[in-house]
Amino acid sequence: MQHDQPRSGGFDRDRLPTWEAYADIEGLHLVGRGRWRTTRCDLHGGSDSLRINTESSGWCCMACYAKGGDVLSYHQQRHGLDFVAAAKALGAWSDDGGHHAHGNRPRSFSARDALTCMEEEINVCMVVISDVRSGVVPNEPDWTRFLQAAGRIARIAQEARR
């Protein structure tokens, strides 16, 4: 994809911290083994209600029912930040456009990477769709992230058909 104008910055998902690293930053103590961990939910002050999937990065609180698809979405809600501010706070945003180190040509990735990406993006879509079915109207950052996820899924599917 060609960009006619230089970008002033951009998001780099690979630079997001893992849940383990994020827990250290925020002073959270992850309890459990395997992919599911438990910790306190700072969104409502709960003691042990936040469940985190360390493989998919999805999370949900069993008490206040907040949920999201990754560390970034939790950080946004926890600190009341928009997408860009949260990405910058977590070191996953480049103001100089340096995230385009490969030029304008997207880098290719393996089938395994494509499936992993699809899984993460489908999880985001499922969370938003679940909210909508429950009568919760997505806020602007969640809606934007949903559309981004749907676009990525469509692009990967299009590439797979080539």
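All values derive from a computational prediction rather than experimental measurement.

Reading the values: the criteria
- Residues numbered from 1 in each chain as written.
- Predicted model: local features only at pLDDT ≥ 70, side-chain atom pairs only at ≥ 80, totals over all residues.
- Heavy atoms only, no water.
- Helix = DSSP H or I, 4+ residues; strand = E, 2+ residues; numbered from the N terminus.
- Buried < 20%, exposed > 50% of the residue type's maximum accessible area, 1.4 Å probe, protein only.
- Contact = heavy atoms within 4.5 Å.
- Areas by Shrake-Rupley, 256 points an atom, 1.4 Å probe, with all protein chains shown as cover.
- 1 Å grid on protein atoms, 1.4 Å probe; cavity = no way out; pocket = protein on both sides within 12 Å on 5 of 7 lines; lining within 4 Å.
- Points joined across faces, edges and corners; volume = space filled by probe spheres on them.
- Salt bridge = Lys/Arg side-chain N within 4 Å of Asp/Glu carboxyl O.
- Expected span 1.5 Å × (residues − 1).
- Arc of directions from axis to C-beta.
- Polar contact = N/O pair within 3.5 Å; in protein donor to acceptor, adjacent residues only side chain to side chain.

What follows concerns the overall build of the protein. For the protein, the count of helices and strands is five helices and six strands. The secondary structure elements of the protein, listed N-terminal to C-terminal, are β-α-β-β-β-β-α-α-β-α-α. In the protein, which comprises 162 residues, the share counted as buried stands at 35%. Sequence separation of 24 or more characterises 47% of the internal contacts of the protein that already satisfy a separation of 6 or more. Accessible surface, the protein: about 10200 Å² in total, of which carbon and sulfur atoms supply 51%.

A word on the layout of surface pockets. As a volume, the second largest pocket reaches approximately 420 Å³. The wall of the second largest pocket is formed by 23 residues, among which Lys67, Gln77, Asp131, Asn139 and Asp142 lie closest to the centre. Looking at the lining of the second largest pocket, the elements with two or more residues in it are strand 5 (67-68), helix 2 (71-79), helix 4 (111-133) and helix 5 (140-161).

As a further point, take the pattern of salt bridges. Per the counting criterion, the structure on display carries seven salt bridges. In this structure, Glu20 and Arg37 form a salt bridge, with 3.9 Å as the shortest nitrogen-oxygen distance. Remark: Arg37 occurs in strand 2 (residues 36-41) and Glu20 occurs in helix 1 (residues 19-26); sequence separation between them is 17 residues. With relative accessibility at 17%, the residue Arg37 sits in the buried group. A salt bridge links Arg40 to Asp42; its shortest N-O distance comes to 2.7 Å. On the accessibility criterion, Arg40 (30% relative accessible area) is partly exposed. Residue classification places Asp42 among the buried positions, given a relative accessible area of 19%.

A rise of 1.5 Å per residue sets the reference length of helix 5, with its 22 residues, at 32 Å; its end C-alpha atoms lie 32 Å apart and thus fit the reference within 8%. Those residues of helix 5 not exposed but buried are Arg145, Phe146, Ala149, Arg152, Ile153 and Ile156. For helix 5, the arc enclosing every buried residue in end-on projection is 125°, short of the 170-degree limit, so these residues lie on one face. For helix 5, the exposed residues set more than 90 degrees away from the buried face come down to Glu140 and Arg161. Of the surrounding secondary structure, the elements contacted by the buried residues of helix 5 are strand 1 (10-11), helix 3 (83-89) and helix 4. The distance from a side-chain oxygen at the start of helix 5 to the backbone nitrogen of Asp142 is 2.8 Å, and the residue carrying that oxygen is Asn139.

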